[in-house]
Amino acid sequence: MDDARPLALVTGASRGIGRELAALFAADGYDLVLAARSDALDDVAADLRTSGVEVVSVHADLRTPEGVRAVHEAATAGGRVPAAVALNAGVGIGGAFVDAELEDVLSVIDVNVRSTVHLAHLLLNDM
């Protein structure tokens, strides 16, 4: 990656708001580290590379500490520190809370809350 350009990390970058945030960072000249579980991430990364920035894609499950660490390691590889971070990954389940399986509810918390706090803590110590 080009150390002269700023670096941005975007989680949940394979679609929706995350994909759009990644495109905005690329348009502003940021190199990117993109993270998501979806295979669509590879297409997003390829598309954004056409704007002239360097893009690293990380397939990671943020429900796990290992997934969080993989994203952190990619974002800080080579001693670079992100100038901007968009912790956008999130999931949801529909229906009544009482009808949902507890494991599914806890999985939502792992992605939407736990991984965000974990990754933010790691990155802010670097920043």
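Residues numbered from 1 in each chain as written. Predicted model: local features only at pLDDT ≥ 70, side-chain atom pairs only at ≥ 80, totals over all residues. Heavy atoms only, no water.

S.K.: Mind laying out the layout of surface pockets, listing which residues take part and the relevant values?
M.R.: Its boundaries defined by the atoms lining it, the largest pocket holds a volume of some 340 Å³. Every residue lining the largest pocket is counted, 18 residues in all, and those nearest its centre are Gly12, Ser14, Ala89, Gly90 and Val91. It is helix α1 (residues 16–27) that provides the largest number of residues to the lining of the largest pocket, a total of three residues. Looking at the lining of the largest pocket residue by residue, the classes come out as eight nonpolar, seven polar and three charged. (1 Å grid on protein atoms, 1.4 Å probe; cavity = no way out; pocket = protein on both sides within 12 Å on 5 of 7 lines; lining within 4 Å. Points joined across faces, edges and corners; volume = space filled by probe spheres on them. Helix = DSSP H or I, 4+ residues; strand = E, 2+ residues; numbered from the N terminus. Nonpolar A, V, L, I, M, F, W, Y, C, P; charged D, E, K, R; others polar.)

S.K.: So what's going on with empty space enclosed by the protein? Residues and values would help.
M.R.: Where empty space is left becomes clear once a probe the size of a water molecule has been rolled over the atoms. Taken as a whole and assessed by the stated rule, the structure comprises two cavities of 30 Å³ or more. Within this model, the largest cavity holds a volume of roughly 40 Å³. Every residue along the wall of the largest cavity is listed here: Leu62, Arg63, Thr64, Pro65, Val68, Asp110, Arg114, Ser115 and His118. Going through the elements one at a time, α3 (65–75) and α4 (102–126) are the ones with two or more residues in the lining of the largest cavity. With four residues, α4 is the single largest residue contributor to the lining of the largest cavity. Looking at side-chain class alone, the lining of the largest cavity contains three nonpolar, three polar and three charged residues. Estimated volume of the second largest cavity: approximately 40 Å³. Residue lining of the second largest cavity: Thr11, Leu62, Leu87, Asn88, Ala89, Ser115, Thr116 and Leu119, and that is the complete set. The element best represented in the lining of the second largest cavity is α4, accounting for three residues. Across the lining of the second largest cavity, the residue classes tally to four nonpolar, four polar and no charged.

S.K.: Describe the side chain of Thr76, naming the residues involved and giving the relevant values.
M.R.: By the secondary structure assignment, Thr76 is in the loop between α3 and β4 (84–87). By relative accessible area, Thr76 is classed as buried at 18%. Other than its neighbours up to four places away in sequence, Thr76 contacts Pro82, Leu123 and Asp126. (Buried < 20%, exposed > 50% of the residue type's maximum accessible area, 1.4 Å probe, protein only. Contact = heavy atoms within 4.5 Å.)

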